[in-house]
Each structure stands twice: as structure tokens, then as C-alpha cells.
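Below are the chains, spelled out letter by letter.
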Amino acid sequence: MLDRKSVLVTGASSGIGRAIALRCAGAGADLAITYRKNREGAEATAREIRALGRRVELVRTDISRADDIEALVKHLRQSFDRVDVWINNAGADILTGEASRLSRLQKLDLVLAVDLRGTVMASWAAVDLMREQGGGTIINMAWDLVTQGMQGENPAVYSVAKGGVASFSRSLARDVAPGIRVNILAPGFIETAFGEEADPKFRQKVVDMTPLRRWGKPEDVAGAGLFLASDDAAFLTGQMIMVNGGVVM
């Protein structure tokens, strides 16, 4: 499905990014994966990719920094003949760990810098690279609830960035067609670190509001990501696939 193709996945040291990278490797792709702090997790992802018989490059990258993105592109040019698929998965976690205790304004600044500005800068870099090589595919990560909203401080902050990613990606898709396809993955409630640490009552509330009656898994998102990365989605651009068990339809 991705035989002899090269795929970049940012933020692939854990969770959804890791699952997407492994699914692409299983489909025959060679990988470049990025991480910011969790090198151990990135190396674990790389070991699994190599166990599948595929090549992988690890690059430490903070996508909120323009110079880091420039260095990433330089590494990609040196390591691969072309980059067929660029997946902007990296994002800021404001829900767990120390970041969960940041002020409202600090959280806003963080998600704007990483999720929105970082995705925009990385997408521009991908476009420049892909125009030179004669085409490619970009996949950006949004959130299903940007289409209808969700009550609460964290959802409001998160929606600013992810709503911006969705809108930007649609405009970019029009700008770079027909040579480059740009699509959007919009996960719902997925069993990542936040889901694992969530209050049991909230976890059950999510199940109750989900028509498919469960939380999603990173592998659910990875399956949709593989489809968008593949030639099976050759006539899709500017589209958003919501992987959410039907919470938003």
C-alpha cells in the first residue's frame, strides 16, 4: 500500500504518532520520525519499525521553532530521495503532567505555538519540498469537536489551535492542488495518556455519548491515516476524517 514510499511522522515517540508510524511501516514505507523530549519512546518506535524490515531515521525536532524545521528538511533531503507523505502529528499536551497546571494564557500560548503555528510552518516546509520533487501528500491533525464545540477551559483553548489547523489545511489544499494533496485527521476521545489518566466517571461519560460505545485507540486513527497517505485516497483533498466513534457526525 505504501511500498517504496517515504513517510515523515512528527511526534512519533508515543500515542497516535507512534501508531501511525508503525502502520505505515507495516504497509511498506520507510520512515522518518521526530520527537522533542521523549527520545526513549522514539527509539522504541524505531526498533519496532526496523523489526518490520523498514528503514527509519530519528530527528529531534521542536516544530514550534523555524530553525528546527529547517534542520529537519535538511536531514530529509540528505536521507531520502523524496518524501512522499508528511504527517504533522506533533502537538502540545496541556492535559497531563506539569502542563496541566499552567495558567489559561500559558496553555493558549503553548498550543498556538506548537499545534497551530508549528503545523503551519511544517506544512509550508513540506510544500516547498514536495513542489521541488513533483508532488506528495500532507496530513494535518485537528480535532472532531472543533465542528461543534465543547464546554470547558481546556477544550476552548484546544479548539483555537485545532480549528485553525482545520481551516488552514483546507485553504492550503486549494493552494497546492493538483500536485499536492492536503487532508485532515480529526480524532475524538482516544486512549492516549489523557484517556488513561482520566477520572472513571468521565471515562464512562465518554462511552455513554459515543455511538460505538468505547474510547478510540491510537490504532483506529492510524488506520485512517494510512488510508489518507495511500493512493486509495488519490481523489481526496481538503477533507477531514473524524475518527471518533460517531460522537460528531
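What counts, and where the lines are drawn
Residues numbered from 1 in each chain as written. Predicted model: local features only at pLDDT ≥ 70, side-chain atom pairs only at ≥ 80, totals over all residues. Heavy atoms only, no water. Pairing = 2+ DSSP bridges. Helix = DSSP H or I, 4+ residues; strand = E, 2+ residues; numbered from the N terminus. Axes fitted to C-alpha atoms, helices over the stretch in contact; angles between N-to-C directions. Contact = heavy atoms within 4.5 Å. Parallel < 35°, antiparallel > 145°, perpendicular 65-115°, else oblique. Left-handed = near helix turned anticlockwise from the far one by under 90°. Nonpolar A, V, L, I, M, F, W, Y, C, P; charged D, E, K, R; others polar. Polar contact = N/O pair within 3.5 Å; in protein donor to acceptor, adjacent residues only side chain to side chain. Buried < 20%, exposed > 50% of the residue type's maximum accessible area, 1.4 Å probe, protein only. Salt bridge = Lys/Arg side-chain N within 4 Å of Asp/Glu carboxyl O.

Undergrad: Would you mind going over the sheet that holds strand β5 (residues 136-141) in detail, with residue names and values included?
TA: Pairing within the open sheet is parallel, and its 7 strands lie in the order β3-β2-β1-β4-β5-β6-β7. Across the chains shown, the open sheet's two edge strands, defined by having one partner strand only, are β3 (56-60) and β7 (240-243). Looking at each pair of strands side by side, their axes are set apart by 15 degrees on average, direction ignored. Pairing of strand β4 (residues 85-88) with β5 involves 4 bridges; the strand directions are parallel. The partner of Ile-87 across the bridge, within β5, is Ile-139. Against the sheet, helix α4 (residues 104-133) touches β4, β5 and β6 (180-187), its axis set at about 175 degrees to β4. Helix-sheet contacts for helix α5 (residues 153-176) involve β5, β6 and β7, and the interaxial angle to β6 is about 160 degrees.

Undergrad: I'd like to hear about the packing of α4 against α5, residue by residue, with values.
TA: Each pair of packed helices can be summarised by the angle the axes make with each other and by the distance between the axes. In contact at an axis separation of 9 Å, α4 and α5 are set at 15 degrees when each is read in the N-to-C sense. On the basis of their axis angle, the class for α4 and α5 is roughly parallel. For the pair α4 and α5, the crossing hand works out as right-handed. Partitioning the contact of α4 with α5 into residue classes produces 15 nonpolar, 4 polar and 7 charged.

Undergrad: How would you summarise the side chain of Ser-169 if you had to cite specific residues and measurements?
TA: Mapped onto the elements of the fold, Ser-169 is located in helix α5. Among the polar contacts made by the side chain of Ser-169, one reaches the main-chain carbonyl oxygen of Val-165 at a distance of 2.7 Å. Among all residues touching Ser-169, those that are not within four sequence positions of it are Asn-140, Val-182 and Ile-184.

Undergrad: Can you lay out the environment of Thr-237 for me, pointing to particular residues and giving the numbers?
TA: Its place among the elements puts Thr-237 in the loop between α8 (218-229) and β7. Using a relative accessible area of 30% as the deciding quantity, one classes Thr-237 as partly exposed. For the pair Thr-237 and Cys-24, spaced 213 residues apart in sequence, the C-alpha separation works out to 19 Å. Dropping the residues within four chain positions of it, Thr-237 is found in contact with Ala-173, Ile-180, Arg-181, Val-182 and Asn-183.

Undergrad: Explain the pattern of salt bridges to me, and be specific about the residues and the numbers.
TA: For the structure shown, the criterion picks out 13 salt bridges. When the shortest N-O distance is used, the salt bridge between Glu-43 and Arg-39 registers 2.8 Å. Of this pair, Glu-43 and Arg-39 both sit in helix α2 (residues 39-51), 4 residues apart, which is roughly one turn of that helix. Taking relative accessible area as the criterion, Glu-43 reaches 29% and is therefore assigned partly exposed.

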